[in-house]
Number of protein chains: 4
Amino acid sequence: MWISATCLLNFNIPVATPFIFMLRPRSGWQQWVGREQYLLAPSVPTVEFTDPFGNLCQRLVAPAGQFSVQTSFEVETAEFSDAAPGAPFVEVQQLPEDTLPFLLPSRYCESDRFSRLAQSIVAGCLPGYDQCSAIVDYVRGTTTYMPGAGQQIVSACEVNMMPQAVCRDMAHLGIACCRALSIPARMVVGYLENLQPMDLHAWFEAYVGGRWYTFDPTQDNLRGGRIAVAYGRDAADVAIYTQFGDPVDLLQMDVSVARLSGAQL
Amino acid sequence: MWISATCLLNFNIPVATPFIFMLRPRSGWQQWVGREQYLLAPSVPTVEFTDPFGNLCQRLVAPAGQFSVQTSFEVETAEFSDAAPGAPFVEVQQLPEDTLPFLLPSRYCESDRFSRLAQSIVAGCLPGYDQCSAIVDYVRGTTTYMPGAGQQIVSACEVNMMPQAVCRDMAHLGIACCRALSIPARMVVGYLENLQPMDLHAWFEAYVGGRWYTFDPTQDNLRGGRIAVAYGRDAADVAIYTQFGDPVDLLQMDVSVARLSGAQL
Amino acid sequence: MWISATCLLNFNIPVATPFIFMLRPRSGWQQWVGREQYLLAPSVPTVEFTDPFGNLCQRLVAPAGQFSVQTSFEVETAEFSDAAPGAPFVEVQQLPEDTLPFLLPSRYCESDRFSRLAQSIVAGCLPGYDQCSAIVDYVRGTTTYMPGAGQQIVSACEVNMMPQAVCRDMAHLGIACCRALSIPARMVVGYLENLQPMDLHAWFEAYVGGRWYTFDPTQDNLRGGRIAVAYGRDAADVAIYTQFGDPVDLLQMDVSVARLSGAQL
Amino acid sequence: MWISATCLLNFNIPVATPFIFMLRPRSGWQQWVGREQYLLAPSVPTVEFTDPFGNLCQRLVAPAGQFSVQTSFEVETAEFSDAAPGAPFVEVQQLPEDTLPFLLPSRYCESDRFSRLAQSIVAGCLPGYDQCSAIVDYVRGTTTYMPGAGQQIVSACEVNMMPQAVCRDMAHLGIACCRALSIPARMVVGYLENLQPMDLHAWFEAYVGGRWYTFDPTQDNLRGGRIAVAYGRDAADVAIYTQFGDPVDLLQMDVSVARLSGAQL
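Rules behind the numbers
- Residues numbered from 1 in each chain as written.
- Chains lettered and ligands numbered in written order.
- Predicted model: local features only at pLDDT ≥ 70, side-chain atom pairs only at ≥ 80, totals over all residues.
- Heavy atoms only, no water.
- Contact = heavy atoms within 4.5 Å.
- Buried area = accessible area lost by both parts, 1.4 Å probe.
- Salt bridge = Lys/Arg side-chain N within 4 Å of Asp/Glu carboxyl O.
- Polar contact = N/O pair within 3.5 Å; in protein donor to acceptor, adjacent residues only side chain to side chain.
- Nonpolar A, V, L, I, M, F, W, Y, C, P; charged D, E, K, R; others polar.
- Helix = DSSP H or I, 4+ residues; strand = E, 2+ residues; numbered from the N terminus.
- Least-squares fit on C-alpha atoms with pLDDT ≥ 70 in both.
- Domains from an automatic or database assignment.
- Core = buried A, V, L, I, M, F, W, Y, C linked by side-chain atoms within 4.5 Å.
- Buried < 20%, exposed > 50% of the residue type's maximum accessible area, 1.4 Å probe, protein only.
- UniProt positions renumbered as here; feature names shortened; annotations may be inferred.
- Pairing = 2+ DSSP bridges.
- Axes fitted to C-alpha atoms, helices over the stretch in contact; angles between N-to-C directions.
- Lys, Arg positive; Asp, Glu negative; His and termini not counted.

Going by an unreviewed UniProt entry, chain A carries the name Transglutaminase family protein and comes from Marinobacter salinexigens.

A. Structural detail: the interface of chain D and chain B. Between chain D and chain B, the contact holds 34 residues from the first and 35 residues from the second. Both sides together, the interface formed by chain D and chain B hides about 2,900 Å², and carbon and sulfur atoms give 54% of it. It is Arg59, Arg107 and Arg113 of chain D that lose the most area in chain D upon contact with chain B, and together they represent 22% of the buried surface on that side. Between Asp237 of chain B and Arg233 of chain D there is a salt bridge, and its shortest N-O distance comes to 2.9 Å. For the pair chain D and chain B, the interface holds six residue pairs in polar contact (both at pLDDT 80 or more). For the side of chain D that touches chain B, the per-class residue count stands at 18 nonpolar, seven polar and nine charged.

B. Spotlight on the interface of chain A and chain C. Between chain A and chain C, the residue contacts involve 35 residues of the former and 34 residues of the latter. With both chains or domains summed, chain A and chain C bury close to 2,900 Å², and 55% of this area falls on carbon and sulfur atoms. In terms of surface lost to chain C, no three residues of chain A exceed Arg59, Arg107 and Arg113 of chain A, which account for 23% of the buried area on that side. Along the contact surface separating chain A from chain C lie seven residue pairs in polar contact (both at pLDDT 80 or more). For the side of chain A that touches chain C, the secondary-structure elements that each account for two or more residues are β2 (17-24), β4 (46-50) and β5 (56-62) of chain A. Among the residues forming the side of chain A that touches chain C, the class breakdown is 18 nonpolar, seven polar and 10 charged.

C. Representation of the relation of the copies chain D and chain B within the structure. Its rotation angle being 180 degrees, the transformation that places chain D on chain B also includes 0.0 Å of axial translation and leaves an RMSD of 0.0 Å. Look at the turn and shift together and you get a two-fold axis relating the two. Relative to the rotation axis, the closest C-alpha in chain D is found at Arg107 of chain D, a distance of 1.4 Å. Most of the interface of chain D is mirrored in chain B, where 100% of its interface residues are also at the interface.

D. Spatial organisation of the domain arrangement of chain A. Residues and elements named next belong to chain A. Here chain A is described as being made up of domain 1 (2-78 + 240-264) and domain 2 (92-222). Placing the centre of domain 1 and that of domain 2 at their C-alpha centroids yields a distance of 25 Å. The interface is formed by 14 residues belonging to domain 1 together with nine residues belonging to domain 2. Of the roughly 930 Å² buried at the junction of domain 1 and domain 2 (both faces included), carbon and sulfur atoms supply 72%.

E. Here's a closer look at the pattern of salt bridges. Enumeration over the complete set of coordinates arrives at 52 salt bridges over all chains. Residue Asp82 of chain B is joined to Arg211 of chain B by a salt bridge in which the shortest nitrogen-to-oxygen separation is 2.6 Å. Of this pair, Asp82 of chain B sits in the loop between β6 (65-77) and α1 (115-121) while Arg211 of chain B sits in strand β11 (residues 211-215), placing them 129 residues apart in sequence. Salt bridges linked by common partners bring Arg233 and Asp237 of chain A together with Arg233 and Asp237 of chain C together as one network.

F. Structural context of the nonpolar core. Residues and elements named next belong to chain A. Counting 91 residues, the largest nonpolar core has Phe21, Phe67, Tyr191 and Phe204 as its most contacted members. For this core, the element with the most residues is helix α4 (residues 167-180), which contributes nine residues. Aside from chain neighbours lying at most four places away, what touches Phe204 is Val136, Ala171, Gly174, Ile175, Cys178, Ala185, Arg186, Val188, Tyr213, Thr214, Phe215 and Pro217.

G. Here's a closer look at the UniProt feature "domain: Transglutaminase-like" (unreviewed entry) in chain A. The residues that UniProt annotates with the feature "domain: Transglutaminase-like" (unreviewed entry) are residues 159-219 of chain A. As a span, residues 159-219 of chain A carries 25% helix and 38% strand, and end to end its C-alpha atoms are 17 Å apart.

H. The arrangement of the sheet that holds strand β13 (residues 241-243) of chain A in detail. All names here are of chain A. An order of β4-β5-β2-β13 is seen for the four strands of this open sheet, with the pairing classed as antiparallel. Edge positions in the sheet fall to β4 and β13, since each of these pairs with one other strand and no more. Across the sheet, the mean angle from the axis of one strand to that of its neighbour is 20 degrees, orientation sign disregarded. Note that β2 and β13 share three bridges and pair antiparallel.

I. Molecular detail of the arrangement of the chains. Where chain B comes nearest to chain C, the C-alpha atoms are still 11 Å apart, and the two do not contact one another. At their nearest point, the C-alpha atoms of chain A and chain D are still 11 Å apart, with no contact between the two.

J. The pairing of strand β9 (residues 185-192) of chain B, seen in detail. All names here are of chain B. Extensive coverage of β9 is indicated by the burial of eight of its eight residues. Taken together, the six bridges between β9 and strand β12 (residues 226-232) define a ladder with antiparallel strand orientation. Directly across from Val188, in β12, lies its bridge partner Tyr231.

K. Layout of the side chain of Asp51 of chain B. Tracing the backbone through its elements, the reader meets Asp51 of chain B in the loop between β4 (46-50) and β5 (56-62). For the buried residue Asp51 of chain B, which engages in no salt bridge, the nearest side chain bearing the opposite charge is Arg233 of chain D, 7.6 Å off. At a separation of 2.8 Å, a polar atom in the side chain of Asp51 of chain B contacts the main-chain amide nitrogen of Phe53 of chain B. Contact partners of Asp51 of chain B, with chain neighbours within four places excluded, come to Met22, Cys57 and Asp237 of chain B.

L. Inspection of the sheet that holds strand β2 (residues 17-24) of chain D at higher detail. Residue and element names in this part refer to chain D. Taken in spatial order, the four strands make up an open sheet running β4-β5-β2-β13, and their pairing is antiparallel. At either end of the open sheet lies a strand with only one pairing partner, and these are β4 (46-50) and β13 (241-243). For this sheet, the mean angle separating the axes of adjacent strands, direction not counted, is 20 degrees. Looking at chain direction, β4 and strand β5 (residues 56-62) are connected through five bridges and run antiparallel. The residue of β5 that forms the bridge with Val47 is Arg59.

This is the structure we're talking about:
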């Protein structure tokens, strides 16, 4: 199926300020970017580069004054995210090399401190996908998804002691538990159809049974209609924008996602 | 300035056939992809990956029957390509690492066989940009640009003995001579505004004075209005499509480029 | 000058256990690996790969029983680390792309929380190298270097409230403050001649004045005689070994560093 | 088993000359570099970098006068190269991304011109490993291995019309035929135990049955005892040294390979 997504950012910039944006999805596994638009107003010289995780990043200096970034995409994506109960754990020595960085502890996923908890959560599970499912159940059971509740990024350790959290931080907890079991897990930032309320979203993927699978502690059913914009070890790697120097004002951020009918294509 | 470009490919496919396309430009130096569209009909699962030179490649299996690829782009690009007479030669030991592969001989640029010729062409020139200009003059003076004259790719050695050639093969000769002087040179495939007759185009870039500069032996004046789609060592690296298995028919290939006025953006 | 370094690790392994080691230095800037030895006993199949930061990593499964890793190196390195008072701050938009990941907060360097502190530390300093020096003075002045005092890795925030710390954690604090000023900073793990007591060492590098410079809060004078083994954003990236599954015993870890005279080469 | 290899290069350099060497093997699949030595006399500042194919390259400026490069290695490697008759052809759409560059024509492997020949050579063979074997038989049957017979690198097309050739050029022919059948094939430069006469050696690998397999048209039996130093598309990618500027004299090149007994380790 095809979905469209837009993200509009509107800044007030006191003095010329360097930015790195991470707003352009790539075509990849079950994701085909058929149309895209990425407009800067005013238009400024911009260099695009690829970060160590393969994300396309846009570097520019925003001039003083009003500055807006308007992106929109039409993407073919899966209607349902694959589930694979029983998919087996992959021994570390069999993992593809590019999954290995996603085994290590990272800024917001202190996986080395989750050994005991992760072991207890997955007691009795078949190693692999079923462990990840148990972890998602745990995160969903102990933390209430509360969109907009978290301005400051919090880490897995912190989330684990909080009654409620945003999608990004719930993903941190899920990732930390997976890694504590030697399952590679990575953060995904992107769009999700019918998210309530609509916003950018974050979830995670775990590598079991020979491929990455989607897990989303914020949703009761594993829904599709996702567009992945960036992958990383945690929120530190996948900020949609990083701004250097004195703070600027984000005046407006509008996100929309819609399903396209055949007639619109 | 903004220009739009479209490329439509229409195939007749006897049996399901694997393809690699290289049709998606990246935003980069003096090139900002503001809008793009990349549609496959029928739509098929496609994986996008990055080749060793940083080009985005699309891999798919085209099903039997009619198959079309339709791409279009709106890109902000420079109105004039920078010229820099006098820009100095960069000593090999000072070259950035990512320029080094472009010093080596390659499939169609047998630079190791051009030492003597290159030396004679640039006799008396200041090392660097002026040498590249002299090489372009040589290519333009000894080979007549004859669009459509070359179906089979020919190498620098071969071009040098031919009275006429296409853009791609003229670039091969220019590249081989630059490399023979230890100047990194690379092939570019892309679009050029007002090309006569309109088609995909190829030119080359050489690294002097600390950056890459554009050279185009087919054009009397170094014009801008270019969109770079792929970079490589020569035509072997930057085929816009590579098809495996039994040959298929390319029924149609339409290319158009137009300048956009402010009102259209 | 040439120095030799050895590191011997001796494990007791209860059950076959996957490991990733990061013990092989690469030749690079002011570092030439002239001789090296990397022996495993017993010998086991090992795959070497490069992580996202360019470090050589060795992946293997250690069999049950005694397992030892013995590495030794003879490296030509600088007698003095370059200092460059006055070297200017590089604007973010001018930074090379491969320095950009070292601007972001990371597991143990919560740079986003150090804006205010970093600004106060560097008040009155010329932007760039002198700011880094002031940061090193701050770290050295508020934290006492206490080798062996830290088994658990602690982050910059934590170190900043501790009276004493190990080299690794002092580096975390220095890195976090640099990044808070938009100066790329990275962790280095390696060997240092005459370290007291001898052990593996950690320090950091900051990118100012167009290149990386060495900073070491544990040493009163910026000494040379260093061998860099791995680079990363913080200790999470550069563990000399990562072990998966149930804990194993590190029975022995011996490190030695010695200067070689000309006669020994 | 363990083997040792040495390579000594001795140059006379008229004026300071930039070089890129490709002389340091990496640990990898069935290859573990246990000891190595890489000495330059006189010692000069050297930067090591990784080329697009993952090879370690050493860049330096050799000063005027005598200049020598002395490398030696002790490597654990397989006693027999794996053979896998019947291993199946991998469909292009299933190939790992890093094998794809090895499907394209390259400087010395004009695979696009070998369709007909390759098809006739493999008539009746099971697609995959058996096709590669038939190609090796063809190369061995039509070309006599004549060490030292080829100073100038020749391409597959040229080799195919020559009665005798060196290892490097026989590999070119084998590679071109494999690629013409959509089988990824790559050049390997390295050492081979008991090569007669001893020299650096070249062979090729083809990707069938889910991994790379070794093929060597110069040897009647597929022997092990190999150390791979560099991988590439053909000889243009894997020169053990590339020298820029006016020619220099290679006064001496000594290669030795020996099997190590357990007692020597």
